[in-house]
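Here is how the chains run, residue by residue.
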Amino acid sequence: MNTVTITITKQPELFIEAECFTPDAIAGKTAEQIAELPVHIGRTTEKVGDYFTVEGNAGETAADTKLVVAGDLTRVKYIGSKMSAGEVVINGDADMYVGAWMTGGKITANGSIGHFAATSMAGGEIVVNGNAGNYLAASYRGDWRGMSGGKITVNGNVGSDCGTFMLGGEIIVGGNIDVHVMTHADGGRIVILGNAKSRLGGQASRGEMYVFGTVDVMMPGYAYARDEELEVCGTKAVFAVYHGDLGERHPTRKGETVYAKLYLKK
Amino acid sequence: MTEILIKNGFVFDPVQGINGDKKDIAIKDGVIVESVSSAAKVIDASGMTVMAGGVDIHSHVAGAKVNVGRNFRPEDKLQAVYEPARGVRHMAGGNSVPTVFKTAYKYADMGYTTVMEAAMPPLYARHTHEEMRDTPIIDQAALPLFGNNWFILEYLKNGEMDNATAYISWLLRSTKGYGIKCVNPGGTEAWAWGLNCMTINDPVPYFEITPKEIVAGLIAANEALHLPHSLHLHGNNLGNPGNYQTTLDTLKIAEGFKPNNTFGRDQVLHHTHIQFHSYGGTTWADFESKGAEVMDYINKNPQLTCDIGFVTLDETTTMTGDGPFEYHLTALNHLKWANTDVEVECGSGIVPYVYSKDIYVCGVQWSIGLEMALLAKDHMRCYLTTDHPNAGPFTRYPRVMKWLMSEKARDEVFASMKSEDKVRDRSTLGGIDRELTLYEIAMMTRAGTAKALGFGGKLGGLVPGMQADVAVYPYNPETESDPEQIEWAFSNAKYLIKSGEVIINDSEIVSNGNKQTYWVDVKTKASTQVEHDLSEMFRKYYTVSERNYEVEEKSFMKNPNVIAIDATL
């Protein structure tokens, strides 16, 4: 696997939309060619090389390519968005849309990532060693198709509206999570090892939420069903299972009504 | 004004019976002429197809529900990202609910010059006209909704035809409307009571009138008013398995009526998006096509015209004045739903919809549209529409042309479906080898539609004296064999001329044209009853006053083109 290292050298006045910061976009290109790729800043189009240094040539295919993006990336959007294979390592805090619409490959963010990361993610893996912003793995605004596959692990905290319209895949939150979790979800699984605030699973018709810590305010649409002993993320424990959102439509499978489920660790 | 000569193109003009002959088209002062001087600008159309500008008989491109569709579908913009301004072009984007600019540019690219907005809630006529005013290039008009209007229900129930016609005349003048549109007659009013009218004999609550009486009354009123277009009907029971019987019952209402107009229109009833109304079976499990039965009836009855509403197998936004249908749809697909009741007059609803080729019902819907168009015997009476955006975005017309013109292209779609055998089994499309010609496509997209709308002497053809709306497509009918070229060429007109002005030059939009908005001003005998009812309704029921209701030409319309009719004679 070839490694390409892109390091920011100049901060833009606005924000850089770096849709080419993916193994797919740089595969088969030399460092010089990558420096010539376009990035958007406001209404202008500039080159990668205007703001970054590029070292190393990419592999033949995306799968053969590892992209390392380094420096203060708080004004850089779309890192790893729409990637299908290969690897991206972000050494620094990144802005919005990290891994949005990604279908495969792996992103490791060694800092924090901004809002709308993993929007409508369909596959692959994202590991965030810092925090993630709001709307992690949610659908695009207005859309009803959120994260449908893949796995996200955030070792820090996650913002609000995580997993809105989630359909599948898994999110593990090492720290705490803000309000609105899995709103409108119709599948998928979120494990919160820390604490949650409120509005978990509002209008969800399917999907599973596990909370190891506390929940400040429970949704009125969730009703206690039973206790279950489970092993979740390597921890064996008894969980109180709640069914919801009772105000929503719920399909039946094999004669049983399917609910979204909230598991609270006892 | 400049003179233009379009030389050496293959001309298809059903109005004159020109079927692909090499012919020059001359233009002077905005109209087609026999010949022009040597000073004329020459457009070399060698190896290309020349047709009159397209005329779309049914498309939802302006007004309140289109705009709600834009507002509540931000994700629609992801499918067609905004293009920046370029030359005379304004920034434009959106896919199934495009901006007004995108609407104009895409219609122009397809060689269309006239588009009928198919459903204008009278109360929102101002909004509709504002959007049409802001839509460049294409000439437009709008059909106000009448089929659930309290005045109309009351007058028709009481058999007061003079009051009905006087009211229609008032409303057309007040809203600057073009003709009579009727959506789910009585059903949308019933929806305000939580009900619907599923057959033509289901009484409307409170008004105790049936859809059959509404349709018959509106046809009679339309002919008494001598309007350019006939009644434009979206019948009851749209989109449900087994609805073809309702459709046949509806079409039969038109038997016995005679067209009465001076616009060259021969039909008394235009049934729109007939594909959605030609379903057999009793549930979605035994759902099948009854397109052959419905088209057979239309073929035999020259008093009818129809447009198809082809399902294009896209993700789109459904929007209709058929409020109960949209509720039914959101219960099926669980997607977001907008609904409104338009006081006194009508209602409407909006739901996004994904016509997936892997869902057999969608596949069958796709087959039914094509089956019907291929079984049609007279394409001067059967038109190409997608009921934009309900069955698919209008930008897919060229793709529909490809399917109509190529069995190979249809087979490719069949072969790409998950349940190909099941889809093939539920309609006769697979057994039809007919491939439409460009001559028939010209009937379906301009000559026929112009005639049905009452624009016969003015649009849809290339006869000297007609408005100079001409499209030149980069398609050589003699040498081209790849069906994909049909789709590409009819999406990318090489030249487009509207009212004698060059809009597209060498594939690039170079002018925003001089769009016109048509409306119909029909004079009837004064009715004191209607005057009284109007003032009472505005006082008691409307939330606006009559003064805030009227669409004034000066403020709301660009180049109003009024068609005056005297129905007192």
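Residues numbered from 1 in each chain as written. Chains lettered and ligands numbered in written order. Predicted model: local features only at pLDDT ≥ 70, side-chain atom pairs only at ≥ 80, totals over all residues. Heavy atoms only, no water.

### With respect to the interface of chain A and chain B
Accessible area lost on assembly of the parts is the figure often given for the size of an interface. With eight residues of chain A at the interface, the matching set in chain B holds ten residues. When chain A packs against chain B, the two sides together hide about 740 Å² of surface, and 68% of this comes from carbon and sulfur. Three residues, Tyr140, Trp144 and Arg249 of chain A, lead the burial of chain A against chain B; their summed loss comes to 60% of the area buried on that side. At the junction of chain A and chain B, the tally comes to one salt bridge. For Arg145 of chain A, the salt bridge is made with Glu315 of chain B, and the minimal N-O distance between the two is 2.9 Å. Connecting chain A to chain B are four residue pairs in polar contact (both at pLDDT 80 or more). A class-by-class count of the residues in the side of chain A that touches chain B yields three nonpolar, one polar and four charged. (Contact = heavy atoms within 4.5 Å. Buried area = accessible area lost by both parts, 1.4 Å probe. Salt bridge = Lys/Arg side-chain N within 4 Å of Asp/Glu carboxyl O. Polar contact = N/O pair within 3.5 Å; in protein donor to acceptor, adjacent residues only side chain to side chain. Nonpolar A, V, L, I, M, F, W, Y, C, P; charged D, E, K, R; others polar.)

### Here's the deal with the nonpolar core
Core analysis: the largest hydrophobic core is formed by 153 residues, its most contacted members being Tyr167, Leu218, Trp366 and Leu404 of chain B. Here this core gets ten residues from one element, more than from any other, and that element is helix α12 (residues 360-375) of chain B. If we ignore the near neighbours within four places in the chain, the residues touching Trp366 of chain B are Val311, Leu313, Trp403, Arg410, Val413, Phe414, Met417 and Leu429 of chain B. Counting 68 residues, the second largest nonpolar core, distinct from the first, contains Val76, Met102, Cys162 and Tyr222 of chain A. (Core = buried A, V, L, I, M, F, W, Y, C linked by side-chain atoms within 4.5 Å. Buried < 20%, exposed > 50% of the residue type's maximum accessible area, 1.4 Å probe, protein only. Helix = DSSP H or I, 4+ residues; strand = E, 2+ residues; numbered from the N terminus.)

### Some thoughts on helix α14 (residues 407-415) of chain B
Residues and elements named next belong to chain B. Taken together, the buried positions of α14 are occupied by Ala409, Arg410, Val413 and Phe414. The buried residues of α14 all sit within an arc of 145° when viewed along its axis, so they share a single face. The exposed set on the far side of α14, more than 90 degrees from its buried face, consists of Lys408 and Ala415. Lining the buried residues of α14 we find α12, α13 (397-405), α15 (420-425) and α17 (483-491). Of the residues that open α14, the one with a side-chain oxygen 3.3 Å from the backbone nitrogen of Lys408 is Ser406. (Arc of directions from axis to C-beta.)

### With respect to the sheet that holds strand β11 (residues 269-271) of chain B
Residues and elements named next belong to chain B. Spatial strand order, β9-β10-β11-β14-β18: five strands in an open sheet with parallel pairing. The open sheet has two edge strands with one neighbour each: β9 (181-183) and β18 (382-383). Across three bridges, β9 lies against strand β10 (residues 231-234) in parallel orientation. Its bridge partner being in β10, Cys182 is matched across the sheet by Leu233. (Pairing = 2+ DSSP bridges.)

### Comments concerning helix α18 (residues 528-540) of chain B
Residues and elements named next belong to chain B. The end-to-end C-alpha distance of α18 is 18 Å, a good match for the 18 Å that 13 residues give at a rise of 1.5 Å each. All buried positions along α18 are accounted for by Val530, Asp533, Leu534, Met537 and Phe538. Across the axial projection of α18, the buried residues extend over an arc of 125°, all falling on one side. When the buried face of α18 is taken as reference, the exposed residues oriented beyond 90 degrees from it are Thr528, Glu531, Arg539 and Lys540. Against α5 (150-157) and α6 (161-175) lie the buried residues of α18. (Expected span 1.5 Å × (residues − 1).)

### Here we look at the packing of aromatic side chains
Residues and elements named next belong to chain B. Inspection of every chain in the model, using the stated rule, returns 41 aromatic pairs over all chains. Ring geometry for Phe101 against Tyr105: centres 6.4 Å apart, planes inclined by 35°, an arrangement best described as tilted. Here Phe101 pairs with Tyr105, and both are found in helix α3 (residues 100-109), just four residues apart, close to one helical turn. The class for Tyr105 is buried, based on a relative accessible area of 2%. Taking the centre distance of 6.3 Å and the plane angle of 45° together, the rings of Trp150 and Phe207 count as tilted. (Phe/Tyr/Trp six-rings, centres within 6.5 Å; stacked < 30°, edge-to-face > 60°.)

### Considering the packing of α13 of chain B against helix α16 (residues 438-452) of chain B
Residues and elements named next belong to chain B. Running from N to C, α13 and α16 cross one another at 140°; their axes reach a closest spacing of 11 Å. On the basis of their axis angle, the class for α13 and α16 is oblique. Relative to α16, α13 is oriented so that their crossing is right-handed. Across from Met401, Leu404 and Met405 in α13, the residues of α16 making contact are Leu438, Ile441, Met444 and Thr445. Residues that form the contact of α13 with α16 fall into these classes: six nonpolar, one polar and no charged. (Axes fitted to C-alpha atoms, helices over the stretch in contact; angles between N-to-C directions. Parallel < 35°, antiparallel > 145°, perpendicular 65-115°, else oblique. Left-handed = near helix turned anticlockwise from the far one by under 90°.)

### Points about the pairing of strand β17 (residues 223-232) of chain A
All names here are of chain A. Both β17 and strand β18 (residues 235-244) contribute to a ladder of nine bridges, which runs antiparallel. Within the sheet, the bridge partner assigned to Leu230 lies in β18 and is Ala237. Here β17 folds back onto β18, and the loop between the two strands holds two residues, one of which, Cys233, carries a positive phi near 50°.

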